[in-house]
Amino acid sequence: MRIILSLKNIFYLFVFLAFILVSCEDREEYIPYVEVSFSVDLNINNNLATPGYSMLYPGEGFGGVIVYCEYYDYVTPDKSIFKAYDAACTLEVKDSCSVANTSNSFYGECPCCHSQYEFTNGQPVEGDAVYSLKRYKATVISNKVYVRN
């Protein structure tokens, strides 16, 4: 009976550790949920149609939303690739510590902890942050970028 009890405890320990490992992989859930639904007209804001260019929309998301142009198809704009991230730093989870896009490029920096993120994938590339920026869906329809949860 004692051996079965030990195996049972080992099993529970394994399940507990697996739960901890899975829940710690992605820290997006620590950025508070805010309904995100807005669009950017590329006919008006045509700088955003430049690959490698990014813009911060401070009134959106928890800490603002950064929209990044990875690829723009001038022939068929609906095939363009845009990415959108909540600007809230994943290390300093405060709406006052929003990642600012550096020179409207594919890098951004948190003014509080000075962690730097790359907008091609949202990953931190410098500093103490280890988790990716929270990502939103970005879809291009009729030369407008629609950003939403």
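Data block above holds the structure.
As the structure is a prediction and not an experimental result, all values here were calculated from the model.

Q: Before we move on, could you go through the sheet that holds strand β5 (residues 100-101) and cite the residues and values that matter?
A: The antiparallel open sheet is built from four strands, whose spatial order is β5-β6-β7-β8. Only two strands of the sheet have a single partner each, and these edge strands are β5 and β8 (124-126). Sheet topology places strand β7 (residues 116-118) next to β8; two bridges connect them, and they run antiparallel. The partner of Q116 across the bridge, within β8, is E126.

Q: Tell me about the sheet that holds strand β2 (residues 54-57), and please be specific about residues and values.
A: Strand order in the open sheet formed by six strands is β1-β10-β9-β4-β3-β2, with antiparallel pairing between adjacent strands. Of all the strands in the sheet, just β1 (37-41) and β2 have a single pairing partner and so form its edges. Taking each pair of neighbouring strands and ignoring which way they run, the sheet shows an average axis angle of 25 degrees. The sheet contact formed by β2 and strand β3 (residues 65-71) spans four bridges and is antiparallel. Note that in β3 the partner of L56 across the bridge is I66.

Q: Go over the state of the cysteines with me, naming the residues and quoting the values.
A: Under the definition given, this model contains one disulfide. Each sulfur of the disulfide joining C97 and C112 lies 2.0 Å from the other. Between C97 and C112, the disulfide has an S-S torsion of -90 degrees and is therefore left-handed. Separated by 15 residues along the polypeptide, C97 in the loop between β4 (81-86) and β5 and C112 in the loop between β6 (107-109) and β7 bring together distant segments of the chain. The class of C112 is partly exposed, set by a relative accessible area of 36%. The thiol sulfur of C89 is not disulfide-bonded, and the nearest other cysteine sulfur, from C113, lies at 3.6 Å. Summary of cysteine pairing: C110 is not part of a disulfide, and the nearest cysteine sulfur, belonging to C89, is at 3.7 Å.

Q: Account for the pattern of salt bridges, naming residues and giving values.
A: Proximity of charged atoms lets side chains of opposite charge pair with each other. Scanning all chains against the criterion turns up two salt bridges. The residue E70 makes a salt bridge to K83 at a minimum N-O spacing of 2.9 Å. With E70 in strand β3 and K83 in strand β4, this residue pair connects regions lying 13 residues apart in the sequence. What makes E70 partly exposed here is its relative accessible area of 31%. Among the residues examined, K83 registers a relative accessible area of 12% and is labelled buried. Across the pair E92 and K94 runs a salt bridge, and its minimum N-O distance is 3.5 Å.

Q: Lay out the packing of aromatic side chains in plain terms, naming residues and giving numbers.
A: All chains considered together, the criterion is met by five aromatic pairs. Between the aromatic rings of F38 and Y57, the centroid separation amounts to 5.5 Å while the plane-to-plane angle is 45 degrees, which identifies the pairing as tilted. A residue pair is termed long-range when its members are at least 10 positions apart, and F38 in strand β1 and Y57 in strand β2 qualify at 19 residues. Among the residues examined, F38 registers a relative accessible area of 12% and is labelled buried. The exposure class of Y57 is buried, given its relative accessible area of 18%. Look at Y85 and F119: their rings are 6.4 Å apart centre to centre, the planes differ by 25 degrees, and that puts the pair in the stacked class. With a gap of 34 residues between them, Y85 in strand β4 and F119 in the loop between β7 and β8 connect regions that are remote in the sequence. Just as Y85 is buried, F119 falls in that class too. Within the aromatic cluster, the residues linked to one another by ring pairs are Y68, Y85 and F119.

Reading guide: rules and limits
Residues numbered from 1 in each chain as written. Predicted model: local features only at pLDDT ≥ 70, side-chain atom pairs only at ≥ 80, totals over all residues. Heavy atoms only, no water. Pairing = 2+ DSSP bridges. Helix = DSSP H or I, 4+ residues; strand = E, 2+ residues; numbered from the N terminus. Axes fitted to C-alpha atoms, helices over the stretch in contact; angles between N-to-C directions. Disulfide = S-S within 2.5 Å. Buried < 20%, exposed > 50% of the residue type's maximum accessible area, 1.4 Å probe, protein only. Salt bridge = Lys/Arg side-chain N within 4 Å of Asp/Glu carboxyl O. Phe/Tyr/Trp six-rings, centres within 6.5 Å; stacked < 30°, edge-to-face > 60°.

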